[in-house]
Amino acid sequence: MPGCSIRAIWILNNQHSVVFSRRFSVVEKRWRLAWEREKDSRNEENLKCSVLPLLPTDAELVSAFVERKEKDGSSRGFGIRVPQSVQGSDSWIDDPITRHVISVCINKDEEGANLLWPLILHKKIHHYILVLPLVEPHHLKAYIKMCERSDCGNSIGVEESLSSLLIDLPCITGALMVAHALGDMISGELVEPEVVLGSSPSVGGLLDSLTGSIGISSISARAKPVAAPVAASTISGSAVAGSNLLDSTKSISRPIDKDALRTFINSSMPFGTPLDLNYSNVSAMKVNGFSLSDLPPADLKQPAWKPYLYRGKQRILFTIHEIVYASMYDRDEIPDTISISGQVNCRAEVEGLPDVSVPLTGLNAANIEVLSFHPCTQLPEQGVDKQALMFSPPLGNFVLMRYQAFCGLGPPIKGFYQLSMVSEDEGAFLFKLRLMEGYKAPITMEFCTVTMPFPRRRVVLFDGNPSIGTISTTEHSVEWKIIPSGRGITGKSIEATFPGTIRFASRPIQRLLSASRAIQGDVLEEDSDVEPENSSNMINIEDFLTEKMNKDLASVDLEEPFCWQAYNYAKVSFKIAGGTLSGMAIDPKSVGIYPTVKAPVELSMQAVSGDYLLWNTLGKCPCAVSPKFSS
């Protein structure tokens, strides 16, 4: 990772105790030499804060971090300038990035106030991860000047701004990657992108399911096998984010594996320079070591992301994974919106250090807006509707490319949802939907479910008869399974209607239930030994909304933040296999490998729903107005 060196790493728990710290003396020596060169010019500038020549102790860092947290109301601070902002603080810069790239003031009586910047802050469950990258002293002095200006740092017409400063600092991006890698490691959330096999499993349905459907039939033939990682779906983390939000704030800090952290840091960033932040590679090197059989040919250079050479049955697996987001209004004054976030995942089990060429088609039809590629990728050929990727594949599963696109085939589910409250506690609703209109084989919708959430109302009576599918209810939702799992549809469209009535518990009874839950919540908070996030009366932008929602609403409400007051919607969940909705495609027969080897190429394509919402046509709904451009 060129251009990035790490001076120090600190990991704090939610009691503000340092549970792990690491300093890199080689990088720190470079900082001292750079600081000595700037030492003569330091007195020429009238700065209220001086450059910190040495790293603070753990106690000094904790004291400064807690002081900043109490002053700003939360660990991340305001980010933007508010009435509570004071000159010299991060929020004085008036840039949201200061919620993630912070500074702390190390106070020393004999030397005055010393600023430590840029500190990368990453909060993972109940730990704060602070990473300090190496920057030049003049970059730090430029930031100090911004903190002392009366105007905002990003004012129009101002040459010096935080954005322009960060462009010259690629170490910020590298330090963010380090912080996220450490956070995933201490939380146990080490997942790899999903690579799905075709309809015929390589080893067996049970074994493929246990290994994340990546197929490990040839793993025993490897000279130095990498421990097979369990591939997880890219959307699995977001599915449980809402349920974990409350639990994470009350979790008791658990001890972290310091030996594993030391091993990972020593291997992934020797002497403070990040080389390979892939935990699977680092773990495999520790377990298996190296042998003479792993040496590459003399005329080839082995990349850092491939510490072992593959041995065994050769093949290449591609998975095009798309997540579909939509807001369906069924109104003339508000257009429906639908977008796709996609990525091409790959697993290349090929011997040696070959180059793989992959031609992508359908780019013009997909209206690709954003493209990002794995660092091992090159772009030798580009055209209007064709683009070839050349890459030297690393070990294991990896994301070859990410993109944003429009839906080329039209919405997979379209129609309307209407809910009319005939009284305060009783309503009538109607669904009229059409599924997979215009979609042809082999594209298959494997399942489709529509959920009506009512987090602020308790369902006491329900009556309805859908034209297709089954119904199930809970206290706060109605679920309509149009297509159950295992009964997919291919090559045809389906019309589905669902009229019905619903009755809720009266509001006085519901208020009593909410009050009892609030009392129970207060008792749990008093019994908790977790230190409160904010003890001052200042505005806590990070936690204010969560705290207010926690007091006024039940915990389930956090999972459906838009379902308040007059806003209501139905959420559609589905999975489509056998094709892409954007038109992005790979021809397996056109994939080339150099030097030429016989390696079959398998391709799977799937699309799943993200926030696919059917807003109530008869109610209020939030929407974003698109700007109009004059011709």
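Note on numbering: residues in each chain are counted from 1, in written sequence order. Local features are withheld for residues below a pLDDT of 70 in this predicted model, meaning they are given only at 70 or higher, and side-chain atom pairs are given and counted only at 80 or more; totals for whole chains, interfaces and linings count all residues. The side-chain numbers reported here are obtained from all heavy atoms of the structure, hydrogens and water having been left aside.

A. Structural context of the pairing of strand β25 (residues 601-615). We call a residue buried when its accessible area falls under 20% of the maximum for its residue type, exposed when it is over 50%, and partly exposed in between, using a 1.4 Å probe and counting protein chains only. Under the DSSP-based scheme used, a helix requires at least four consecutive residues in state H or I and a strand at least two consecutive residues in state E, with every element numbered from the N terminus. Extensive coverage of β25 is indicated by the burial of 11 of its 15 residues. For two strands to pair, DSSP has to find at least two bridges joining them. Pairing between strand β7 (residues 315-328) and β25: 12 bridges, direction parallel. The residue of β25 that forms the bridge with F318 is L603. The sheet contact formed by strand β22 (residues 569-577) and β25 spans 7 bridges and is antiparallel.

B. Structural context of helix α5 (residues 171-187). Take the number of residues in a helix, subtract one, and multiply by 1.5 Å to get its expected span. Its 17 residues place the ends of α5 24 Å apart at the C-alpha level, agreeing with the 24 Å of an ideal helix rising 1.5 Å per residue. The buried fraction of α5 is high, at 12 of 17 residues. Of the positions making up α5, those classed as buried are C171, I172, G174, A175, V178, A179, A181, L182, G183, M185, I186 and S187. Just downstream of α5, G188 is the residue with a positive phi angle, here 80°.

C. Representation of the sheet that holds strand β21 (residues 494-504) within the structure. Read from one edge of the open sheet, 4 strands run β14-β15-β21-β17, paired in antiparallel fashion. Of all strands in the sheet, those with a lone pairing partner are β14 (413-421) and β17 (459-464), marking the two edges. On average, adjacent strands in this sheet sit at an angle of 20° to one another, irrespective of strand direction. Geometry is summarised by axes, namely lines fitted to C-alpha atoms with helices restricted to the contacting stretch, and by angles between N-to-C directions that run from 0 to 180 degrees.

D. A look at the packing of aromatic side chains. Between 30 and 60 degrees the pair is tilted, below 30 it is stacked and above 60 it is edge-to-face, where a pair is any two Phe, Tyr or Trp rings, Trp via its six-membered ring, whose centres lie within 6.5 Å. Taken as a whole and judged by the stated rule, the model has 14 aromatic pairs. Considering the side-chain rings of F429 and F431, the 6.2 Å spacing of their centres and the 70° angle between planes classify their relative orientation as edge-to-face. With a relative accessible area of 1%, F431 lands in the buried category. Of the aromatic side chains, those joined through ring pairs into one cluster are Y417, F429, F431, F462, W480 and F498.

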